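# Residue-level structure breakdown
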Amino acid sequence: EGDNKCRAEGYDDGKHPTTIHIEIVSLPPVLVLSLGRLNFDYAYMQDFKVSTPCTYPPTIDLKRFMSPDADVSAGDGSSTIYHLYGVHVHSGKGPRGLDQGHNSVYIRTSASVDDSWLLFDDWSVSHASPYDVFDPSSSSSSSSSSSSSSSRDHITPFMLVYYRESDIDNILSDPPIPNHLKPIFEQQHSSEDRSKKYSLVDLLYTSAIIITEEHIRKWKPGMRLVKTHEIRIKKSEKLKELRGPVSKYLRLPASHFRFWYWQNDSNKIVNANRLLNPLDEER
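Predicted, not measured: the structure shown is a model, and the values here were computed from it.

A word on the nonpolar core. Within the largest apolar cluster, 19 residues are counted, with the highest numbers of intra-cluster contacts made by Tyr-82, Leu-84, Val-87, Tyr-106 and Tyr-162. Ignoring any residue separated from it by four or fewer positions in sequence, one finds Tyr-82 in contact with Leu-27, Pro-28, Pro-29, Leu-31, Pro-58, Thr-59, Ile-60, Leu-62, Tyr-162, Tyr-163, Arg-164 and Glu-165. In this structure, Ile-210, Ile-231, Ile-233 and Leu-276 belong to the second largest nonpolar core, which totals 9 residues.

This next bit is on the packing of aromatic side chains. Under the counting rule described, the total for this entry stands at 4 aromatic pairs. Where Tyr-85 meets Tyr-163, the ring centres are 4.5 Å apart and the plane angle is 15 degrees; that geometry is what we call stacked. Linking Tyr-85 in strand E7 (residues 81–91) with Tyr-163 in strand E11 (residues 156–164), this pair joins segments that are 78 residues apart in sequence. Both residues of the pair, Tyr-85 and Tyr-163, belong to the buried class. In this structure, Arg-108 is placed above the aromatic ring of Tyr-85, and the distance from its NZ or CZ to the ring centre is 4.8 Å. Here the basic side chain of Arg-243 rests over the ring of Phe-259, its NZ or CZ set 4.7 Å away from the ring centre.

This next bit is on helix H6 (residues 243–250). Of the positions making up H6, those classed as buried are Arg-243, Val-246 and Ser-247. On an axial view of H6, the arc spanned by its buried residues comes to 100 degrees, and they lie on one face. Contacts made by the buried residues of H6 are with strand E12 (205–210), strand E13 (229–234) and helix H7 (278–281). Two residues or fewer after H6 comes Arg-251, characterised by a positive phi angle close to 60 degrees.

Of note in the backbone geometry, Asp-122 takes a positive phi value of approximately 55 degrees without being a glycine. Among the secondary structure elements, Asp-122 is positioned in the loop between strand E9 (117–121) and strand E10 (124–128). Overall, Asp-122 belongs to the exposed group, its relative accessible area being 54%. Although it is not a glycine, Arg-251 adopts a positive phi angle of roughly 60 degrees. Take Arg-251: it is sitting in the loop between H6 and strand E14 (260–264).

Take the pattern of salt bridges next. For the structure on display, the rule yields 1 salt bridge. In this structure, Arg-164 engages Asp-167 in a salt bridge whose closest nitrogen and oxygen atoms are separated by 2.6 Å. For the pair Arg-164 and Asp-167, a shared accessibility class is recorded, and that class is buried.

On the surface, Ile-107, Phe-120 and Val-125 cluster together into a nonpolar patch covering about 230 Å² of accessible area. Relative to the helices and strands, Ile-107 resides in strand E8 (residues 102–108). Among the residues examined, Ile-107 registers a relative accessible area of 32% and is labelled partly exposed.

What follows is about the confidence of the model for the protein chain. Averaged over every residue, the pLDDT of the protein chain is 77; the share at 70 or more is 77%. By mean pLDDT, helix H2 (residues 149–152) is the weakest element of the protein chain at 45, and strand E3 (residues 30–34) is the strongest at 94. Low pLDDT, under 50, characterises residues 141–153; the stretch is placed with 22 contacts to residues that sit more than four places away or in other chains.

Let us now look at the environment of Arg-37. Relative to the elements of secondary structure, Arg-37 occurs in the loop between E3 and strand E4 (38–41). Residues Arg-37 and Val-50 lie 13 residues apart in sequence; the distance between their C-alpha atoms is 4.7 Å. Those residues in contact with Arg-37 that sit more than four places away from it in its chain are Phe-48, Lys-49, Val-50, Ser-51, Thr-52, Cys-54, Thr-156, Pro-157 and Phe-158.

To continue, consider the pairing of E7. With 9 of 11 residues buried, E7 is to be regarded as a mostly interior element. Taken together, the 3 bridges between strand E6 (residues 59–61) and E7 define a ladder with antiparallel strand orientation. Pairing of Ile-60 across the sheet is with Tyr-82, part of E7. In this structure, E7 lies alongside E8, joined through 6 bridges in antiparallel fashion. Across the sheet, the residue bridging to Gly-86 is Ile-107, located in E8.

Parameters at a glance
- Residue numbers restart at each chain and count upward from 1, following the sequence in its written direction.
- Where totals are concerned, whole chains, interfaces and linings use all residues; where local detail is concerned, this predicted model gives features only for residues with pLDDT of at least 70, and gives and counts side-chain atom pairs only at 80 or more.
- Think of the side-chain values as coming from all heavy atoms in the structure, minus any hydrogens and water.
- Buried Ala, Val, Leu, Ile, Met, Phe, Trp, Tyr and Cys residues form a nonpolar core when they are joined through side-chain atoms within 4.5 Å.
- Partly exposed residues are those whose accessible area sits between 20% and 50% of the maximum for their type, while under 20% is buried and over 50% is exposed, using a 1.4 Å probe and protein chains only.
- We call two residues contacting when some pair of their heavy atoms lies within 4.5 Å.
- Side-chain rings of Phe, Tyr and Trp, where Trp is taken by its six-membered ring, are said to pair if the distance between their centres is within 6.5 Å; with planes under 30 degrees apart they count as stacked, over 60 as edge-to-face, and otherwise as tilted.
- Numbering of helices and strands starts at the N terminus; helices are DSSP runs of H or I of at least 4 residues and strands are runs of E of at least 2.
- In this analysis the charged atom, NZ for Lys or CZ for Arg, is taken to sit over a ring once it is within 6 Å of the ring centre and within 35 degrees of the ring normal.
- Throughout, the arc means that of the directions going from the helix axis to the C-beta atoms.
- Salt-bridge detection follows one rule: a side-chain nitrogen of Lys or Arg within 4 Å of a carboxyl oxygen of Asp or Glu.
- A patch is a set of surface residues, each over 30% in relative accessible area and not in a salt bridge, joined within 9 Å for like charges and within 5 Å for the nonpolar side chains Val, Leu, Ile, Met, Phe, Trp and Tyr.
- All accessibility values rest on the Shrake-Rupley procedure with a 1.4 Å probe; residue burial counts only the protein chains present in the view.
- pLDDT expresses how confident the predictor is about each individual residue, on a scale running from 0 to 100.
- What makes two strands pair is DSSP finding at least two bridges between them.

Pasting the structure below:
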């Protein structure tokens, strides 16, 4: 009415009183609701966070919002009942609204257990109670930014994620991996397996580096040492058991070479530390 009247298509006689409404004809499997925590202050020309407390239910039924022509029967997957499975929480109050502060997320991991909630807070993952989820400002498991009462006053739910009841099993099940991603995942798993293998080898073995007289003559303290050959030996074995493989490689009698202990300095330059004696070889 008044200045808010609208022009209607097919009518050339000016604006008319108009009733505007929205009808929902279909619903998504996952419903994401933003709680409108961001507003704009025209006096200071900057965004600010709206920290007004609000409540939200664990289950909602959107049937009363649906168009009369919409099919809302549960049999075809068009159920109008949704269950809460995620809450995005923002804590802190800065001059730039949501650009400052801390974000964390509560996620429900099971359809059969009501209190199967986890709090994802940076690299920390911990169990959370339904009380934490539905009243984050009083949560005992919130982030470190909520340690003071003034911080807790500004812990507010920012976004809600609801799953449609008829789609929960499909959403929580492991989806098939697309064919174009399978080679990438297989390569990643192979790399991880190799890394684990190398880590195990480093844990069980150590290295002995063979240096010839030529390298010794050219080497000076402070120079990087060029290794000619490396032999792996189990850390559980005694050093004297290394004489056999070294003798075979050098084609020299075992009495014609000596073991030295070399050490890396802070610049990763290897320096001769001391000559090992027969007692060292028995260890």
